[in-house]
Amino acid sequence: EAGVAQSPRYKIIEKRQSVAFWCNPISGHATLYWYQQILGQGPKLLIQFQNNGVVDDSQLPKDRFSAERLKGVDSTLKIQPAKLEDSAVYLCASSRFGSYEQYFGPGTRLTVT
Amino acid sequence: DAKTTQPNSMESNEEEPVHLPCNHSTISGTDYIHWYRQLPSQGPEYVIHGLTSNVNNRMASLAIAEDRKSSTLILHRATLRDAAVYYCILNAGNNRKLIWGLGTSLAVNP
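Residues numbered from 1 in each chain as written. Chains lettered and ligands numbered in written order. Predicted model: local features only at pLDDT ≥ 70, side-chain atom pairs only at ≥ 80, totals over all residues. Heavy atoms only, no water.

**Q** Just give me the short version of the pairing of strand β9 (residues 88-95) of chain A, but keep the residues and values in it.
**A** All names here are of chain A. Of all 8 residues that make up β9, 8 are buried, and the element is covered over most of its length. Residues A88, Y90, C92 and S94 point to one face of β9 and V89, L91, A93 and S95 to the other, with burial holding for every one of them. As defined by bridge partners, strand β4 (residues 31-37) adjoins β9 across 7 bridges and the pair is classed as antiparallel. Residue T31 lies in a different strand from β9, and its bridge partner there is S95. Bridge count between β9 and strand β11 (residues 108-112): 3 bridges; the pairing is antiparallel. Counted as the bridge partner of Y90 is T108 from β11. Where β9 and strand β10 (residues 103-104) come together, 2 bridges link them in antiparallel fashion. The residue of β10 that forms the bridge with S94 is Y103. (Buried < 20%, exposed > 50% of the residue type's maximum accessible area, 1.4 Å probe, protein only. Helix = DSSP H or I, 4+ residues; strand = E, 2+ residues; numbered from the N terminus. Pairing = 2+ DSSP bridges.)

**Q** Lay out the sheet that holds strand β6 (residues 61-64) of chain B in plain terms, naming residues and giving numbers.
**A** Pairing between the strands of a sheet is mediated by backbone hydrogen bonds and can be parallel or antiparallel. All names here are of chain B. Here 4 strands make up an open sheet; going across it, the order is β2-β7-β6-β5 and the pairing antiparallel. Unpaired on one side and paired on the other, β2 (18-23) and β5 (55-56) mark the two borders of the sheet. Summarising the sheet, β2 and strand β7 (residues 70-75) pair through 6 bridges and their orientation is antiparallel. Within β7, the residue paired with C22 across the bridge is S71.

**Q** An account of the state of the cysteines is requested, with residue identities and associated values reported.
**A** For the structure shown, the criterion picks out 2 disulfides over all chains. Sulfur-sulfur distance for the disulfide between C23 of chain A and C92 of chain A comes to 1.9 Å. The sign of the S-S torsion, about -70°, decides the handedness of the disulfide formed by C23 of chain A and C92 of chain A: left-handed. With C23 of chain A in strand β3 (residues 19-24) and C92 of chain A in strand β9, the pair connects residues that are 69 residues apart, well separated along the chain. Accessibility classification places C23 of chain A together with C92 of chain A in one group, the buried group. Covalent S-S linkage joins C22 of chain B and C88 of chain B, the inter-sulfur distance amounting to 2.1 Å. (Disulfide = S-S within 2.5 Å.)

Honestly, it's all geometry; don't read function into it.
Encoded structure:
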């Protein structure tokens, strides 16, 4: 089966600009996750969707970050406006309903200058 | 959320077994123990998980202490491709949310 797809793979923007990331999960996976991974740290969960509903967004900085999952399939994560500290790899993962096994995409490396 | 403690780094030789330890002294009765690994410049990859009994799969074995306050991930024959950061993670049985620590960086020598 095809894995989790993410685009773009790399993005460089200036602070205060906007950026959007796209994720296509594995077909049939009901749960979708967005993580932020700063260099040298483990991933931090930003938001979790179950189909197209939000299960957990407690660590999403809602003043600048937003995410949506239309029709319970693809998802986009947006940052507006970006700050220097947003420089990180943004990982998307998906899992079957009720499963602990998460499948990760390759990530998008964001550099904010 | 229950926390885990892992060594920052470990080293192994190719084709030898590797035992990666994890301490989780505050684990509760419903917490599952998960292991993921992250190869350089890639997203994390699921390795194994368990609750009380030891678990085996094609990638590794998970040995869980009788009091569940520690566990060990066992790679039976390390290869160069096993060089990665290994994360030991706990989460409650009814919560699929994973809280990631810093993990153990494993180097494999040829």
